[in-house]
Amino acid sequence: MLPKNFLQDGSAASRRDSDPEAKALGQLIAKRKMIVLWSTLSVMITLAGGAAVINVAEQEKIRSAAAAVIAKPLERVTEINLAFQELQALEVQPCTMQHLEALRSIAFRSAIIRDVIYRDQGVLCSANLGTAASALPSQNPDFATEGGRQIWRNVDLSLAPGVKSTLVKEGRYGLLIAPEDPGAVSSGHYALSVVLLNRNHRTMLIIRGADPGIDRSPLVSGSTYWLRGDLISVACLTGQTTCYILKTNWGAVLLANAILLLVAGILACACTVAGIALCLARKFRSRTIDAMFREAVRHEELSMHYQPVVDNRTGAVVSAEALMRWTLRSGKVISPAIFIPIAEENDLIGNLTCLALQRVSEDLGSFLLRHADFKVSVNVVPADMVDSRFHLALRRNFEERGIAPAQLSFELTERTSAKLESAMAVLLDLGRRGHEIYIDDFGTGYANLSYLSDLKVDKIKLDKKFTDTVGTGTLRERIVPSVIDLARELGVQIIVEGVENAEQVNYFRSHGVHLMQGWFYAPALPAAELIGALEGTAATPEREPSTRQLSLA
Ligand SMILES: Nc1nc2c(ncn2[C@@H]2O[C@@H]3COP(=O)(O)O[C@H]4[C@@H](O)[C@H](n5cnc6c(=O)[nH]c(N)nc65)O[C@@H]4COP(=O)(O)O[C@H]3[C@H]2O)c(=O)[nH]1
């Protein structure tokens, strides 16, 4: 990330109109309406989607509750039907011992039938009381089915007064059955009732649940209709007589799920806003950085400094690494460690590489022509290799000026080796043309080292992390000799980076490594200073005492 205020060096007011950052910010604000629109839309879509999901879930819940509720009455109706079938088929003399045995057999086999009664004109008997059976109720039945069955509720059992039963009569037979558990089947959202229907008489007997309080006429199986905010569903079984009626209060359903819907809505809204803001911020940032880089190039804020590479046997400077510097108008310097990754992220690294080639040529072109054995290295990324602008910049700034390819090396950081495949052929071609290829920050990446030989790497730059271990006795220090051996085996030279003290110099020298770069010798210097020091032509400004006297081979 760029430091927050790193560009706030000028007057904000005077820059407002021309500052690309301000312009981009204006565009961002203009997009607020779009964010609001999108957020509203996303909330609506989520609410609708949420309602649909809840609808499906609720329907499923109700369906399984209905199936459980209807099962019991269905079993009872089936049992009653079978008992009547068996009774009607009896061909024995009514109320004889044989007949009574048959009645008892039916009563005892059933879990719900408490007594079986026979009555025809003056003849009356029952399974429990034999011929001493009491008379059937004299009042009108509570309900009559379309098939001619009559039903009385709350009939007293002669053997156990006070125990209420339901009497179902068909023809000459009556069954006293244990009454249905009327338990209401309902929740806050729905009420389920099981009823017996007689469409001819438009009558209904509720055998389970509460009175749905609805008009009888539309009670056709499979029908669904709205009634005072409730959704009514009807399903009938057993010859359309036993039906269940489901009343769903959708207001209550939605209310019960309101918190869920609200949370989903807020989440959707937050995600959408965050997503859009992220997109816009990226665009904004990329545009801003793009514009800032362009401004920086235009105002010559980007320049190159050169850090000498010294041969520790002679103390001579044999090459230099070109390192980019961004100096703001305020004088503040931004490290490439900050802006290079941002440039990479925003596809601007190609521009920077071209700029680096141009600046190196401007800064050191004549010096290189004067000192044919001096080299300069430039940092590149694999993407540069397949970028036509890179090749154009190379031709214009080096080839056309007659600078030998051997004087310009390319440093590839090991961290970017993942994209190396596509750049491989071009790098090999550059190598054939005489340029040297270095692997930078060696030891920090995780790449397969086989590319070292495939690429025909000329030098590896041992990362400062390894240099720092000298004298520490750590595991990493113990690895250093293996890295040196590996480089030797591959026929690759090593440049030690970040050398800061004599102990490090001596350590590597004793291991046969002689090329060194680091503050022990010199920091990265402006071109004029480097040239002045090397050619002894200009007075070198006061530097830190650690900086050595620099000289050419
Ligand atoms: N603590 C300490 N540091 C030392 C010492 N000697 C050198 N350094 C620093 O170590 C870095 C070496 O460069 P690098 O590994 O190529 O690492 C470079 C390189 O990967 C990248 N970079 C710099 N310029 C360019 C460029 O023009 N193009 C590209 N693509 N990357 C660049 O940015 C990185 C950072 O560059 P810098 O900040 O200039 O940091 C430089 C240098 O100033 C030392 O003795 N002690």
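All values derive from a computational prediction rather than experimental measurement.

Criteria and thresholds
- Residues numbered from 1 in each chain as written.
- Predicted model: local features only at pLDDT ≥ 70, side-chain atom pairs only at ≥ 80, totals over all residues.
- Heavy atoms only, no water.
- Near = heavy atom within 4 Å.
- Polar contact = N/O pair within 3.5 Å; in protein donor to acceptor, adjacent residues only side chain to side chain.
- Helix = DSSP H or I, 4+ residues; strand = E, 2+ residues; numbered from the N terminus.
- Nonpolar A, V, L, I, M, F, W, Y, C, P; charged D, E, K, R; others polar.
- Axes fitted to C-alpha atoms, helices over the stretch in contact; angles between N-to-C directions.
- Parallel < 35°, antiparallel > 145°, perpendicular 65-115°, else oblique.
- Left-handed = near helix turned anticlockwise from the far one by under 90°.
- Contact = heavy atoms within 4.5 Å.
- Buried < 20%, exposed > 50% of the residue type's maximum accessible area, 1.4 Å probe, protein only.
- Arc of directions from axis to C-beta.
- Pairing = 2+ DSSP bridges.
- Core = buried A, V, L, I, M, F, W, Y, C linked by side-chain atoms within 4.5 Å.
- Salt bridge = Lys/Arg side-chain N within 4 Å of Asp/Glu carboxyl O.
- Disulfide = S-S within 2.5 Å.
- Expected span 1.5 Å × (residues − 1).
- Bend = angle between axes of the 7 residues up to and from the residue.
- Phe/Tyr/Trp six-rings, centres within 6.5 Å; stacked < 30°, edge-to-face > 60°.

Novice: Run through the site of the ligand, naming residues and quoting values.
Specialist: With respect to spatial proximity, 21 residues lie near the ligand, and among them Q307, E321, D440, E500 and W519 are the closest. R325 is positioned such that a nitrogen or oxygen atom in its side chain is 2.9 Å from an oxygen atom of the ligand. At a separation of 3.1 Å, an oxygen atom of the ligand approaches a polar side-chain atom of E497. Of all elements in the fold, only β13 (302-311), β14 (316-327), α7 (336-345) and β18 (436-442) reach the threshold of two or more residues within the shell around the ligand. For the shell around the ligand, the element with the most residues is β14, which contributes four residues. Here the shell around the ligand is composed, by residue class, of eight nonpolar, five polar and eight charged.

Novice: Could you give an account of the packing of helix α8 (residues 349-370) against helix α16 (residues 527-535), with specific residues and numbers?
Specialist: Pairs of packed helices are described in terms of their axes, by the angle between the two and the distance that separates them. At their nearest, the axes of α8 and α16 sit 9 Å apart, and the two run at 20° to each other. Relative to α16, α8 is oriented roughly parallel. For α8 against α16, the interelement crossing comes out left-handed. Each of D363, L364, F367 and R370 in α8 lies in contact with α16, whose residues at this interface are A527, I531, L534 and E535. Looking at the contact of α8 with α16, its residues break down into five nonpolar, no polar and three charged.

Novice: Report on helix α15 (residues 502-510), specifying residues and quantitative values.
Specialist: An α-helical turn contains 3.6 residues, so a residue and the one three or four places further along point in the same direction. Among the residues making up α15, those that are buried are Q504, V505, Y507 and F508. Take α15 and look down its axis: the buried residues cluster within an arc of 165°, on one side only. Looking at the packing, one finds that the buried side of α15 touches β19 (459-462), α13 (464-467), α14 (475-489), β20 (493-496) and β21 (515-516). Where α15 begins, the side chain of N501 points an oxygen toward the backbone nitrogen of E503, at a separation of 3.3 Å. Directly beyond the C-terminal end of α15, a positive phi value near 80° is found at G512.

Novice: Pulling in residues and values, what's your account of the pairing of strand β1 (residues 113-120)?
Specialist: Inspection of the sheet shows β1 paired to strand β6 (residues 173-177) by five bridges, in the antiparallel sense. Considered in β6, the bridge of D115 is made with L176. Bridge count between β1 and strand β2 (residues 123-126): four bridges; the pairing is antiparallel. Looking at the pairing, D120 lines up with V123 of β2. Counting the residues in the hairpin turn of β1 and β2 gives two residues, including Q121, whose phi is positive at 50°.

Novice: Describe the nonpolar core, listing the residues and the values that go with them.
Specialist: Core analysis: the largest hydrophobic core is formed by 80 residues, its most contacted members being Y306 and F508. Counting residues per element, this core draws most heavily on α8, which supplies ten residues. Among the nonpolar cores identified, the runner-up in size contains 29 residues, and F84, V116, V194 and L205 belong to it.

Novice: Explain the pattern of salt bridges residue by residue, including any values.
Specialist: The full count for this structure, using the stated rule, is 18 salt bridges. The shortest N-O distance in the salt bridge between R109 and E86 comes to 2.7 Å. With a gap of 23 residues between them, R109 in helix α4 (residues 97-109) and E86 in helix α3 (residues 32-88) connect regions that are remote in the sequence. Overall, the relative accessible area of 35% leaves E86 in the partly exposed class. Taking the shortest distance from any N to any O, the salt bridge between E170 and R149 comes out at 2.6 Å. Here E170 is found in strand β5 (residues 164-170), whereas its partner R149 is found in the loop between β3 (143-144) and β4 (150-156), with 21 residues between them in sequence. On the basis of relative accessible area, E170 is assigned to the partly exposed category, the value being 22%. Taken together, the shared-partner salt bridges connect E321, E411, K461 and E497 into one network.

Novice: Explain the state of the cysteines to me, and be specific about the residues and the numbers.
Specialist: Enumeration according to the criterion identifies one disulfide in this entry. Disulfide pairing is shown between C95 and C125; the S-S distance is 2.0 Å. Residues C95 and C125 are joined by a disulfide whose S-S torsion is about -85°; by sign, that bridge is left-handed. Here C95, found in the loop between α3 and α4, pairs with C125, found in strand β2; they are 30 residues apart in sequence, far enough to count as distant.

Novice: Which residues make up helix α11 (residues 420-432), and what values go with them?
Specialist: For α11, spanning 13 residues, the distance from its first C-alpha to its last is 17 Å, which sits close to the expected 18 Å at 1.5 Å a residue. Residue V426 marks the point of greatest curvature in α11, where the axis turns by about 30°. By the burial criterion, the buried members of α11 are L420, A423, M424, L427 and L430. Against α9 (382-385), α10 (388-399), β17 (408-413), β18 and α12 (451-454) lie the buried residues of α11. A positive backbone phi angle near 115° is found at G434, which sits one or two residues after α11.

Novice: Can you lay out the side chain of S361 for me, pointing to particular residues and giving the numbers?
Specialist: Along the chain, S361 falls in helix α8. If we ignore the near neighbours within four places in the chain, the residues touching S361 are N397, F398 and R401.

Novice: How would you summarise the packing of aromatic side chains if you had to cite specific residues and measurements?
Specialist: In total, this model carries six aromatic pairs according to the counting rule given. Summarising the aromatic geometry, the rings of Y507 and F508 are spaced 5.2 Å apart at their centres and angled 80° between planes, so their arrangement reads as edge-to-face. One exposure class covers both Y507 and F508, and it is buried. A centroid spacing of 5.0 Å and a plane angle of 90° characterise the contact between F520 and Y521, whose relative ring orientation is edge-to-face. The buried category is assigned to Y521, whose relative accessible area is 8%.

Novice: Go over the environment of P336, please, and point to the residues and values.
Specialist: As for its position among the elements, P336 is in helix α7. With eleven residues separating them along the chain, P336 and R325 place their C-alpha atoms 6.4 Å apart. When neighbours within four sequence positions are excluded, P336 is seen to be in contact with M324, R325 and P341.

Novice: Summarise the side chain of D311; cite the residues concerned and give the values.
Specialist: Looking at where D311 falls in the secondary structure, it is placed in strand β13. The buried category is assigned to D311, whose relative accessible area is 10%. In terms of polar contacts, D311 uses its side chain to reach the backbone amide nitrogen of R313, at 2.9 Å. In contact with D311, not counting residues within four places along its chain, are A316, V318, H514 and L515.

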